[in-house]
Amino acid sequence: MNDGLTIRPFTFSIDLENCRITDADNHIKRNLADMKNQYFYKEAYDKMMKEDNALLYEVYEKLVPEKSGELIQGLSIVHPGKVGKEYFMTKGHFHSIIDTAELYLCLKGKGMMVMETPEGEWAIEEMIPNKAVYVPGKWAHRSVNISDTDLVTLFIYPADAGHDYGTIKEKSFRKIVIEENGKPAIMDNPMWNL
Ligand code: F6R
Ligand code: ZN
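Note that the structure is predicted; figures quoted are calculated from it, not measured.

## Digging into the site of ligand 1
Phase 1 of the analysis: Contacts to ligand 1 come from 15 residues, most closely from Tyr57, Gly92, Tyr104, His163 and Tyr165.
Phase 2 of the analysis: Between His163 and ligand 1, the recorded distance is 2.8 Å, taken from a side-chain N or O atom to an oxygen atom.
Phase 3 of the analysis: Here ligand 1 occupies the largest pocket.
Phase 4 of the analysis: By residue class, the composition of the shell around ligand 1 is six nonpolar, seven polar and two charged.

## What about the pairing of strand β16 (residues 175–180)?
Phase 1 of the analysis: Sheet topology note: the β16/strand β17 (residues 183–188) ladder contains six bridges and is antiparallel. The partner of Ile176 across the bridge, within β17, is Met187.
Phase 2 of the analysis: The hairpin formed by β16 and β17 contains two residues between the paired strands, and Asn181 there has a positive phi angle of roughly 50°.

## Let's talk about the packing of aromatic side chains
Two aromatic rings are characterised by how far apart their centres lie and by the angle between their planes.
Phase 1 of the analysis: Inspection of the entire model under this criterion finds three aromatic pairs.
Phase 2 of the analysis: Residues Phe40 and Tyr41 carry aromatic rings whose centres are separated by 5.0 Å and whose planes lie at 70° to one another, so their mutual orientation is edge-to-face.
Phase 3 of the analysis: Accessibility expressed as a relative area gives 32% for Phe40, which makes it partly exposed.
Phase 4 of the analysis: Measuring from centroid to centroid gives 5.9 Å for Phe155 and Tyr157, while their planes differ by 40°, and the two rings are tilted.

## Considerations on the sheet that holds strand β11 (residues 122–127)
Phase 1 of the analysis: The antiparallel open sheet is built from three strands, whose spatial order is β11-β10-β13. Across the chains shown, the open sheet's two edge strands, defined by having one partner strand only, are β11 and β13 (140–145). In this sheet, neighbouring strand axes are inclined to one another by 20° on average, regardless of whether the strands run parallel or antiparallel.
Phase 2 of the analysis: With six bridges connecting them, strand β10 (residues 111–116) and β13 associate as antiparallel partners. What sits directly across from Gly111, in β13, is Asn145.

What counts, and where the lines are drawn
- Residues numbered from 1 in each chain as written.
- Chains lettered and ligands numbered in written order.
- Predicted model: local features only at pLDDT ≥ 70, side-chain atom pairs only at ≥ 80, totals over all residues.
- Heavy atoms only, no water.
- Near = heavy atom within 4 Å.
- Polar contact = N/O pair within 3.5 Å; in protein donor to acceptor, adjacent residues only side chain to side chain.
- 1 Å grid on protein atoms, 1.4 Å probe; cavity = no way out; pocket = protein on both sides within 12 Å on 5 of 7 lines; lining within 4 Å.
- Sits in = over half its atoms within 2 Å of the grid points.
- Nonpolar A, V, L, I, M, F, W, Y, C, P; charged D, E, K, R; others polar.
- Pairing = 2+ DSSP bridges.
- Helix = DSSP H or I, 4+ residues; strand = E, 2+ residues; numbered from the N terminus.
- Phe/Tyr/Trp six-rings, centres within 6.5 Å; stacked < 30°, edge-to-face > 60°.
- Buried < 20%, exposed > 50% of the residue type's maximum accessible area, 1.4 Å probe, protein only.
- Axes fitted to C-alpha atoms, helices over the stretch in contact; angles between N-to-C directions.

Printed below as a string of structure tokens:
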């Protein structure tokens, strides 16, 4: 535990069976309503919204002072499911201090990390248990669950990085991951930069 100003060494435990950090300081939940205009399959989105504002993903965080040198860590859990052909995914973001990196270690499930830079480079890396994905500074990132179980990843990033969600909300990502013939496929995002 910390008071926001000082910090002492601490530990935390991951309950992988129940997909949570047992002693988290923060628990964030994101539902379908939080992803308005982010999915290409709008009819499917509207239909699903009428039925249920489904829980798409959750984040458990250990908080530390948000200053240079410290690290924020936590667990990201993307639940299985699709909106139309598009798999459940996180909003995705750049870091506000754009050149700050992040490390993700997949602990459970199967996913893809969709990444891109402001200059137009893109990359998609597979996430499977015990595989880590290094997201360099300047790369926006979004986790996509391509399996039918929870996708659980441990993330670690600089505590002062901050989040820029606005750029992605406006422009979206260049690539989306959809299910085609029962398999994940990468597609140009027709909504990109609209
Ligand atoms: C932090 C980070 C992850 C994500 C989490 C949820 O910089 O990349 O902790 O915050 O996977 O995704 P977003 O934040 O895009 O809703
Ligand atoms: Zn991040």
